[in-house]
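Listed below are the residues making up each chain.
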Amino acid sequence: MNITYYGHSCFGVEVNGKHILFDPFITPNELAKVIDVNSVKADYILITHGHEDHIADAVNIASRTGAKVISSFEICQWLEKQGVKNTQGMNIGGKTKFDFGNVKCVVAIHSSAFPDGTYAGNPMGFVVESTVGNFYYAGDTALTYDMKLIGDYRNVDFAFLPIGDIFTMGVDNAIIAAEFIQCRNIIGMHYDTFEPIKIDKPLAVRKFDRSGNVLTLFEIGETKQFGK
Ligand code: NI
Ligand code: MN
């Protein structure tokens, strides 16, 4: 699976020839000026919650690409009001089959409101299961024992975890999360974008290494291959 980083928590993952885009926040991100939002590919857009730093470019990318948005029922309704027609509303615990594989919505301990302050349903994470491997995209979340269910439920080949602290878990809790989900291969997200979540990246990588896990941090615009 080819994975491209668009900054903050926004990643594109190519699964069975389909481009899955997570939590699009590109044009307002000062660090992501190297990304041309109009060249970002998407067949599906998965959105974990309604905060601006996860949804800012959802309407423009969905409108340009016609990608199907997979998110909470409340977020899909909100996007439909803004002209996004192709959506699949879901909720935590639910699994749906798509042409690239399955998406299961899992618990995230966080909050979720739209940029205008209105209710956006519950925040969630996603487990993607496919013939070329399985992965977990945590969204914004605290460390939670519920992550043990993910490790019991599926072999996860790699996982996207927030590591910036303050608004989500930080590095030390993300290392425990890696144990809970029984996955050594972690891709870091939700760090450095804003002053309060700036981290010491070499230290984060060393801490993961010392715990017997591997933390991969992407440059913005970089593509790497994970799994098959
Ligand atoms: Ni958030
Ligand atoms: Mn966030």
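Residues numbered from 1 in each chain as written. Chains lettered and ligands numbered in written order. Predicted model: local features only at pLDDT ≥ 70, side-chain atom pairs only at ≥ 80, totals over all residues. Heavy atoms only, no water.

Caption draft 1: Representation of the sheet that holds strand β1 (residues 2-5). An order of β6-β5-β4-β3-β2-β1-β14 is seen for the seven strands of this open sheet, with the pairing classed as mixed. Here the strands that pair on one side only, and so sit at the sheet edges, are β6 (87-90) and β14 (223-225). On average, adjacent strands in this sheet sit at an angle of 20° to one another, irrespective of strand direction. Sheet topology places strand β5 (residues 68-72) next to β6; four bridges connect them, and they run parallel. Paired with Val69 across the strands is Thr87, a residue of β6. Packed onto the sheet, helix α3 (residues 73-81) meets β5 and β6 and runs at close to 135° relative to β5. (Pairing = 2+ DSSP bridges. Helix = DSSP H or I, 4+ residues; strand = E, 2+ residues; numbered from the N terminus. Axes fitted to C-alpha atoms, helices over the stretch in contact; angles between N-to-C directions. Contact = heavy atoms within 4.5 Å.)

Caption draft 2: Structural context of the coordination of the nickel ion (ligand 1). Ligation of the nickel ion (ligand 1) by protein atoms is provided by His49 (NE2), His51 (ND1), His110 (NE2) and Asp140 (OD), these donors lying 2.2 to 2.3 Å from the ion. In this structure, the nickel ion (ligand 1) is surrounded by four donor atoms whose angles at the metal cover 87 to 178°, and the resulting shape is irregular. Linear spacing of the donor residues for the nickel ion (ligand 1) on their chain is H-x1-H-x58-H-x29-D. In this structure, the nickel ion (ligand 1) lies 3.0 Å from the manganese ion (ligand 2), and both are coordinated by Asp140. With His49 in the loop between β4 (44-46) and α1 (52-55) and Asp140 in the loop between β10 (133-137) and α4 (147-153), this residue pair connects regions lying 91 residues apart in the sequence. Across the pair, Asp140 and His49 agree in class, each one buried. (Donors = N, O, S within 2.8 Å, 3.2 Å for Na, K, Ca; no water. Tetrahedral: all angles 85-135°; square planar, octahedral: opposite > 155°, others 65-115°. Buried < 20%, exposed > 50% of the residue type's maximum accessible area, 1.4 Å probe, protein only.)

Caption draft 3: Local environment of the coordination of the manganese ion (ligand 2). Around the manganese ion (ligand 2), the protein supplies Asp53 (OD), His54 (NE2), Asp140 (OD) and His190 (NE2) as donor atoms, at distances of 2.2 Å. Written as a sequence motif, the donor residues of the manganese ion (ligand 2) are D-H-x85-D-x49-H. Overall, the relative accessible area of 2% leaves Asp140 in the buried class. Under the relative-accessibility criterion, His190 is labelled buried at 1%.

Caption draft 4: Structural context of the sheet that holds strand β7 (residues 95-97). Ordered in space as β7-β8-β9-β10-β11-β12-β13, the seven strands form an open sheet in which the pairing is mixed. Here the strands that pair on one side only, and so sit at the sheet edges, are β7 and β13 (214-216). Taking each pair of neighbouring strands and ignoring which way they run, the sheet shows an average axis angle of 20°. In the sheet, strand β11 (residues 158-162) pairs with strand β12 (residues 185-189) via four bridges, with the strands oriented parallel. Looking at the pairing, Ala159 lines up with Ile186 of β12.

Caption draft 5: Highlighting the pattern of salt bridges. Within this structure, the stated rule accounts for seven salt bridges. In this structure, the salt-bridge partner of Arg154 is Glu129, at a minimum N-O distance of 3.3 Å. Here Arg154 is found in the loop between α4 and β11, whereas its partner Glu129 is found in strand β9 (residues 124-130), with 25 residues between them in sequence. Glu129 gets classed as buried once you look at its relative accessible area, which sits at 6%. Where Glu195 meets Lys198, a salt bridge forms, and the shortest distance between an N and an O atom there is 2.9 Å. Relative accessible area serves as the criterion here: at 59%, Glu195 is assigned to the exposed category. (Salt bridge = Lys/Arg side-chain N within 4 Å of Asp/Glu carboxyl O.)

Caption draft 6: Molecular detail of the packing of aromatic side chains. Under the defined criterion, the tally for this structure stands at 20 aromatic pairs. A centroid spacing of 4.7 Å and a plane angle of 70° characterise the contact between Tyr44 and Phe100, whose relative ring orientation is edge-to-face. One end of the pair, Tyr44, is in strand β4; the other, Phe100, is in the loop between β7 and β8 (102-107), and 56 residues separate them in sequence. Overall, Phe100 belongs to the buried group, its relative accessible area being 1%. Ring geometry for Phe218 against Phe226: centres 6.2 Å apart, planes inclined by 25°, an arrangement best described as stacked. Accessibility classification places Phe218 together with Phe226 in one group, the buried group. (Phe/Tyr/Trp six-rings, centres within 6.5 Å; stacked < 30°, edge-to-face > 60°.)

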